[in-house]
Amino acid sequence: MQKLIASVACSLLALSPAFASAASTSTPTSNPIVQEAPLRGHLSFLSNDAMEGRGTGQRGGNLTVVYLEAQAIAAGLKPVNGNYRQPVSIAGVVALPKESSLAIQAGGAALPMQWSTDWVWGPGDAQADHTIHSELVFVGYGITAPEEGGWDDYKGLDVKGKVLVMMVNDPAPTAEEPNRFGGLGLTYYGRWTYKFEEAMRHGAAGALLIHTDKSAAYGWSVVQNSWLNERFQLSKGKVGTGLQGWLTDAAARKLFTAAGQDLDALRAKAERKDFKPVALNASIGGEMKATVRHIDQFNVAGIVPGTDPKLKDELVVYTAHWDHLGMQGTGADTIYNGAVDNASGTAGLLAMAQVASRAPAKRTQMFLWVAAEEQGLLGSQAYAEAPLWPLDKTAANLNLDSLNFVTATRDINTQGSERTELGKLAAETAEAMGMRIAEVKPDLSGGYFRSDHFNFAKAGVPAFSVSGGRDYIKDPEGSKKKQEAYRARYHQVTDEYDPNWDLSGMVQQAQFTLNLGYRVANGNKMPEWKSGDAFGRYHQSSAK
Ligand SMILES: [Zn+2]
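Rules used in this analysis
Residues numbered from 1 in each chain as written. Predicted model: local features only at pLDDT ≥ 70, side-chain atom pairs only at ≥ 80, totals over all residues. Heavy atoms only, no water. Helix = DSSP H or I, 4+ residues; strand = E, 2+ residues; numbered from the N terminus. Buried < 20%, exposed > 50% of the residue type's maximum accessible area, 1.4 Å probe, protein only. Lys, Arg positive; Asp, Glu negative; His and termini not counted. Salt bridge = Lys/Arg side-chain N within 4 Å of Asp/Glu carboxyl O. Polar contact = N/O pair within 3.5 Å; in protein donor to acceptor, adjacent residues only side chain to side chain. Contact = heavy atoms within 4.5 Å. Core = buried A, V, L, I, M, F, W, Y, C linked by side-chain atoms within 4.5 Å. Pairing = 2+ DSSP bridges.

Novice: Is there a simple way to think about the side chain of aspartate 323 in this case?
Specialist: Within the secondary structure layout, aspartate 323 lies in the loop between strand S13 (315–321) and strand S14 (326–327). Despite being buried, aspartate 323 has no salt bridge partner; arginine 54 is the closest side chain of opposite charge, sitting 7.3 Å away. Polar contacts involving the side chain of aspartate 323 include one to the main-chain amide nitrogen of glutamate 374, which spans 3.0 Å. When residues no more than four places from it in sequence are discounted, the contact partners of aspartate 323 are Arg54, Thr56, Val370, Ala371, Ala372, Glu373 and Glu374.

Novice: When you look at the nonpolar core in this model, what are you seeing that I'm missing?
Specialist: The tendency in soluble globular proteins is for nonpolar side chains to be buried side by side. Ranked by size, the top nonpolar core spans 130 residues in total, and within it Leu136, Phe138, Ile284, Met366, Phe367 and Trp369 carry the most contacts. Here the element with the most residues in this core is helix H10 (residues 339–356); it accounts for eleven residues. Those residues in contact with methionine 366 that lie beyond four places of it in its chain are Val80, Ala301, Gly302, Ile303, Leu315, Val316, Val317, Tyr318, Tyr383, Leu388 and Trp389. By size, the runner-up hydrophobic cluster in this structure holds 18 residues, among which are Val137, Trp220, Val223 and Trp246.

Novice: I tried to follow the sheet that holds strand S18 (residues 411–413) on my own but got confused; where do I start?
Specialist: In any sheet, the strands associate via hydrogen bonds between backbone groups, in a parallel or an antiparallel arrangement. Pairing is mixed in the open sheet, where three strands are placed in the order S19-S18-S21. Edge positions in the open sheet fall to strand S19 (436–437) and strand S21 (467–468), since each of these has one partner strand only. Sheet topology note: the S18/S21 ladder contains two bridges and is antiparallel. Counted as the bridge partner of isoleucine 412 is glycine 468 from S21.

Novice: Looking at this structure, I do not really get the environment of proline 387. What am I missing?
Specialist: Its location among the elements puts proline 387 in the loop between helix H11 (378–385) and strand S17 (394–399). As for proline 387 and glutamate 496, which are separated by 109 residues in sequence, their C-alpha atoms are 33 Å apart.

Novice: Would you take a moment to explain the pattern of salt bridges for this structure?
Specialist: Side chains carrying opposite charge are able to pair once their charged atoms draw close together. Counted according to the given criterion, the structure contains 23 salt bridges. With its nearest N and O atoms 3.1 Å apart, the salt bridge here joins aspartate 264 to arginine 253. One end of the pair, aspartate 264, is in helix H9 (residues 263–270); the other, arginine 253, is in helix H8 (residues 249–258), and eleven residues separate them in sequence. On the basis of relative accessibility, which here comes to 41%, the residue aspartate 264 falls in the partly exposed class. Glutamate 428 is paired through a salt bridge with arginine 519; the nearest N and O atoms lie 3.3 Å apart. Note that glutamate 428 is positioned in helix H12 (residues 422–432) and arginine 519 in helix H15 (residues 504–521), a separation of 91 residues in sequence. By relative accessible area, which is 27% here, glutamate 428 ends up partly exposed. Salt bridges sharing partners connect three or more residues here, namely Asp249, Arg253, Asp264 and Arg267.

Written as structure tokens, this is what we have:
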């Protein structure tokens, strides 16, 4: 029934005078209707074993790019600068501790350090060979946060050429300032990725992070798993500092003691705004070797040009990552199909593009399928570093990562939209669809930093992921169980497509995203960040 109404609405739209004039000056009076059949078709194809799990650097990934490019053309999207593809240059890096001679001197003597048990390191700039000779400086949390009352752990110290030792996480709330650094929630300043980025912005030669179970929220084995194996990073653009690494708490203690410092006392000082960096009586030096494998991947993008002579220079960009984990291992099933994560979002974006291309809005809309999300949001990072459209003319990024495969809901999750005026627009969009916004919960695990919209937010573009609701209309209890059972399939070979899935939730989620996109694309002005938001300041500085 729903499908019938939808297709009638679509054909009415196609015949309406409002639509006929859309291509010239005005815009359609109602939004295009996302169709279930193409969404299902794309989803079943992309998650088929034949696509081999759409792995980065694998045949399945290459096939996916060919498919998306063909479908973008078929949907009527226009290329950007004559091209549907944007190159994403990735390096797979493995440190070679046995071939390296990296060592620490502290208090005038060599500090015995065991690879893997005491520390791990590797290049942050996709280079195989480094010769390092640097003094070590402790910079506390290594945070520069003007909107946190002018917090600055660097205090203007010139750290060029130095290797910085720092703590992960962010300063804890105090009785006087219970809300500093997001209170109990994790801010981006606490993430290890931020620490490395800030060290690079300050021109440091490298950064070593001090691990504790509590500050990292995971054990040392998690660090080892990642750093003893191949790590992926962009090989072009703003690559990281030459040296990146982690020290165990015990190794850091050994280092600070040998350098004549009291780590616990320095940690206590680092909780205060008046903390000043401390040059350690210690240095790091030697050869650091790694193997570097280059992998050329692609983002796929196409646009629906806007109709308003002025506003068409501004953009709404919809994103979904096309990659998943590909083929791995030697088990009975080696294909990580990634049906929910993220063939669903990829298919949703295709179904949206198919109808949007026939109903342009005032502003231009871009449909962007990004590469290598599972390897660290690399495709969206590459886009943000070499945007296909000026970022200060990009009104919003709406991202889809893992659609609701259970059934339609009364609510929709727009966590992160409250940081910008998109929050209000999302609420209006939900209301117009007879839905409501799911309650915003404190972001304790830093969920906002873990999908592709975040690279847009970091670049100053109002951005968030539209996630499925939980208030299921049909069979609430059984539906909830279906959703919870997905946890066991997440990032496993069992994330497979089931032709019996009720796709009303996916269609609804894609429709909400498109409706919100049209609200922005036809709005009077581009959405703004709420004042004082950590990412808003990047927007203001880039707009200058
Ligand atoms: Zn995903």
